Amino acid sequence: MTTHQFSSAPVTLLVVGAPAPEPCPPAARPPRPLDAGMVRAVLAGPAARPRPAAGRPAAAPEFVLVELYHPHPPEELRAALRAALRTVVPRPPSGSTPDLLWQRTVDGPGGLDRVLAELGRGLAAGPPLRAVLVDDTRDGGRRLFVGLAPGPPAHAVGLLEELREALAHPPEPVTVPTSALQRELLRQVIGEAQPEGRHVEQLSWSWHGPLDTGRFTAAWQSVFDHETVLRAAFDWEEGGADEPWMVLHEHAVPEVIRHRHDTADWEELLDADRRRGFDLRHPALLRATLVDAAPDAPEGPVTRVLLTYHHAMLDGWSVRLLLQSFYRAYLTGGVLPGGERRPDVRDHARWLTGRSTDAARQFWSTRPSAGSVLPLVPDPLRRGSARTRRRLTPYEAVRLRGWAAAWGAGESSALQAAWALLLYRAGQSDRPRRPGRPGRAVRVGFAVTVSGRGIPLDGIDRLPGALRNPLPISVRVHPGTTVPQLLAALRDGVLDLASYEWVPPGQAHRWTPGTRGQRPNSLVVLEHQPTAAHHLRLETDLAAHGIHVGSPVPAGTLTSYPITLAAHYDATGGLVLTTTHDRALLADRDAVELLDQSAHLLRSFPDLPSGLGATEVLRSTLAGQPAPRLGEPAGSAARPGEPAGPAVRLDVLRRAARPGAGWVLLLPPPDASPTRYRGTARGWPGPQALGVLRPAGEDPPAAAYRPVLGPLLESRAPVALVAPPGLGVTAHEIARLGAPAHPPTVVLVEDDGDLTALAGLLGRLPHRR
């Protein structure tokens, strides 16, 4: 071992096989340039290297090892050192970036020797210089070693001098202007007093098979090294976030946390992770959490994977692109070949900077403004956010997709049409509080997401970033508007947005004329995954390692809109609908009603006559279902003499087999158990919808049934009231609520449990016109 002191920082020069050096003391003075003559003399001098004894393994190849004192704090050292190494070692022509920095932990006297020998072997056929950070668990110290491959002394001296200068004077981070969309998102979250996880999205899936944490972390580190967006952060002037910018760092470390079985409740972990959010001023706005399942699971080892990211930096399309790169890196031992991805956020920012807004302004200035949006009234007594989920089966999803395609539209247009009908219905029910003209056409408005990737930039479909954009759209709904007409209008409206996907929603709203135009306060999203020809190959390669991964499932994010309706396909082909809403602006019961009715409309669309108008569609599909009482304060009390809830509730046991088949409504006896008709729907053989009229109190008047029966009777579909003995008079009085020309049929039966006999009896009755 040869030890020398030069400049103010002690440097130890070694060759492999020699004992480890003692820890170097800190420098007493600021570093000065290295004494090149002394270093050259040391490198040129002889070094004592013991010959290996016969039969013993040879030592690692000879190389020069330098231990350097580093003035950087531990949390900054890795980033500073990696940036310095990238400055000193040029990128090879192939574009692949070698792993120049290692980090190792030693816990015994022989640990350091093994690490240094590993470093020597890594230099034998690799880059001319590598560094390793060694953490010693015995004393908590951290030491920095730099290895240089054998070569001319002058070259080694030059590399050391460059590395020292790069460490002493790190390059300034590259800054990139944020997009207008990012600025709008950041203004909503910077300085938030009570973080609710707004714009924080989570993807989760199951990992079946072995999962090596070290390899998992190394694979994400390799993806971080290749993706500029993962090493980016935001910064802004203190006191305001009007003009934030992006800062591109040379290095960022992914956060990967693994929880053992039974150490974390999944739902609690999701909520805490979402509320934790991100420090937007630090890079790595994506993190991973692993939760192990029970070790004795019959299907073998299973780990739940959670990816959390911020919408101001990434969208769902981007994260799925990054996942593909991660899987490739995991399959290759944690190393991703190739260089940085281009185009990246710098190219996108450059493209946006060169855009003229004249055409976009003209486009939005000719768009009609919405006259009706989701009516809301803030209520400070309600706090937080909530999520609700419903699912269409794969069969129902295929039927919906085929039906929409037959009308030249996609399932996204069907989802938007269902939402437009619900907004139209909510606006109609809200008219007593907001005077309007019933029976007239209403232009309802909400926001839809566009990919943001329909711009003329090469490689934009493979560019990860915050590109998905919610833009306002409106559609005219008249009582006679058919669902196919709604599909066509919404499809064409979204296509019109394609040329202006880069315009932020706030700017689009400001350009839209009309002082009565209202800003949309609901968002409709259909998640799409990027198609990749090699996706099946990745699954096959993972299976060869005994690994099967599920499809990522979004948890649903709280956006800037009071309610967001998001849809995605699950692994079996089912269509999953999720609403996320702000409780201060929308009550839970209303959000649930909107989601349930959206799902029911989507299931009903394929069976509806194509000529049915909006009013008839709502009557035939949602009759008896209450319109959400939107905006009612949580603390509002019922007025004197007014019941707190509906006097009569309609429980739908089974939907009609076809539109217009009618209803069979059961009147339960006063002493009937709430579970009396449980399971009845499975045995109902008739085509009519089957329901139960349940009074909230004892012996309600016939008029109490009007709010429930009114829409059914107005639809002109046949209605039959089935009553047991003792309720004949009540059933007759209820039937008188209908029009004299089309009254409901009253059927008195001894046993309302014999549904086959009841269906046969109703089938033999003459049909009234």
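Preceding this section is the structure that the text describes.
Residues numbered from 1 in each chain as written. Predicted model: local features only at pLDDT ≥ 70, side-chain atom pairs only at ≥ 80, totals over all residues. Heavy atoms only, no water.

Q: Please provide a residue-by-residue account of the pattern of salt bridges, values included.
A: One pass over the structure, following the stated rule, counts 26 salt bridges. Salt-bridge contacts for arginine 198 lead to aspartate 582; the nearest nitrogen and oxygen are separated by 3.8 Å. With a gap of 384 residues between them, arginine 198 in the loop between helix H5 (180–189) and strand S8 (200–208) and aspartate 582 in strand S21 (residues 575–582) connect regions that are remote in the sequence. Neither arginine 198 nor aspartate 582 differs from the other in exposure class; each is buried. Among the salt bridges present, the one from aspartate 570 reaches arginine 391, with a minimum N-O distance of 2.7 Å. (Salt bridge = Lys/Arg side-chain N within 4 Å of Asp/Glu carboxyl O. Helix = DSSP H or I, 4+ residues; strand = E, 2+ residues; numbered from the N terminus. Buried < 20%, exposed > 50% of the residue type's maximum accessible area, 1.4 Å probe, protein only.)

Q: Talk me through the sheet that holds strand S15 (residues 442–450); I want residue IDs and the actual numbers.
A: Pairing between the strands of a sheet comes from backbone hydrogen bonds, and it takes one of two forms, parallel or antiparallel. Spatial strand order, S14-S21-S20-S17-S15-S16: six strands in an open sheet with mixed pairing. With one partner strand each, in any of the chains shown, strand S14 (385–392) and strand S16 (469–477) form the two edges of the open sheet. Neighbouring strand axes in the sheet, compared pairwise and without regard to direction, differ in orientation by 25° on average. Here strand S17 (residues 522–526) runs beside strand S20 (residues 563–569); their pairing, made up of five bridges, is parallel. Residue pairing in the sheet places valine 524 in a bridge with leucine 565 of S20. (Pairing = 2+ DSSP bridges. Axes fitted to C-alpha atoms, helices over the stretch in contact; angles between N-to-C directions.)

Q: Can you explain the environment of arginine 440? Please cite residues and give values.
A: Checked against the element boundaries, arginine 440 lands in the loop between helix H12 (411–429) and S15. Expressed as a C-alpha distance, the spacing of arginine 440 and proline 479, which sit 39 residues apart in the sequence, is 7.5 Å. Ignoring sequence-local partners within four residues, the contact set of arginine 440 consists of Val477 and Pro479. (Contact = heavy atoms within 4.5 Å.)

Q: Tell me about the pairing of S20, and name the residues and values.
A: The element S20 is extensively covered by neighbouring structure, given that six of its seven residues are classed as buried. Across seven bridges, the pairing between S20 and S21 is antiparallel. Along S21, the bridge assignment pairs leucine 565 with threonine 579. Here S20 folds back onto S21, and the loop between the two strands holds five residues, one of which, glycine 573, carries a positive phi near 95°.

Q: How would you sum up helix H19 (residues 728–735)? Please name residues and give values.
A: Those residues of H19 not exposed but buried are Ala731, Ile734 and Ala735. Taken end-on, H19 shows its buried residues confined to a sector of 100°, consistent with a single buried face. (Arc of directions from axis to C-beta.)

Q: I'd like to hear about unusual backbone geometry, residue by residue, with values.
A: In this structure, proline 343 follows arginine 342 across a cis peptide bond, with omega equal to 0°. For proline 343, the position within the fold is in the loop between helix H8 (316–331) and helix H9 (345–353). One non-glycine residue, histidine 199, lies in the positive phi region at around 65°. Turning to its location among the elements, histidine 199 is positioned in the loop between H5 and S8. Here histidine 199 falls in the buried class, since its relative accessible area comes to 3%. For alanine 284, which is not a glycine, the phi torsion comes out positive at approximately 75°.

Q: A description of the pairing of strand S24 (residues 689–695) should follow, citing residues and the corresponding values.
A: The element S24 is extensively covered by neighbouring structure, given that six of its seven residues are classed as buried. Both strand S22 (residues 648–654) and S24 contribute to a ladder of six bridges, which runs antiparallel. For valine 652, the partnering residue across the bridge sits in S24 and is glycine 691. In this sheet, S24 lies alongside strand S23 (residues 663–666) in parallel orientation, the contact comprising four bridges. Bridge pairing links leucine 665 to glycine 691 in S24.

Q: Quick rundown of the sheet that holds strand S10 (residues 245–248)? Include the residues and the values.
A: With antiparallel pairing, three strands are arranged side by side in an open sheet as S7-S10-S9. Either end of the sheet is taken by a strand with one partner, and the two such strands are strand S7 (174–177) and strand S9 (232–235). Within the sheet, the average angular offset between the axes of one strand and its neighbour, ignoring direction, is 35°. Alignment of S9 against S10, held across four bridges, turns out to be antiparallel. Across the sheet, alanine 232 pairs through a bridge with leucine 248, a residue of S10.

Q: Which residues make up the nonpolar core, and what values do they have?
A: When a protein is soluble and globular, its nonpolar side chains tend to lie buried together. Ranked by size, the top nonpolar core spans 65 residues in total, and within it Trp364, Trp419, Leu421, Phe446, Leu577, Leu602 and Phe605 carry the most contacts. Here this core gets 10 residues from one element, more than from any other, and that element is H12. Excluding its chain neighbours within four sequence positions, the residues that come into contact with tryptophan 364 are Leu471, Pro472, Leu497, Tyr500, Val503, Ala508, Trp511, Thr512 and Pro513. Judged by nonpolar contacts, the second largest core, of 51 residues, contains Val189, Phe224, Trp236 and Met313. (Core = buried A, V, L, I, M, F, W, Y, C linked by side-chain atoms within 4.5 Å.)

Q: Lay out H5 with the relevant residues and their values.
A: Across the 10 residues of H5, seven count as buried, placing the element largely inside the fold. Where H5 is concerned, the buried positions are Leu181, Gln182, Arg183, Glu184, Leu185, Leu186 and Val189. Just past H5, the residue glycine 191 takes up positive phi, approximately 80°.

Q: How would you summarise the packing of helix H16 (residues 588–604) against helix H17 (residues 614–622) if you had to cite specific residues and measurements?
A: Running from amino to carboxyl end, H16 crosses H17 at an angle of 105°, the nearest separation of the two axes being 10 Å. Relative to H17, H16 is oriented roughly perpendicular. Of the residues in H17, those in contact with Gln597, His600, Leu601 and Ser604 of H16 are Val617, Thr621 and Leu622. (Parallel < 35°, antiparallel > 145°, perpendicular 65-115°, else oblique.)

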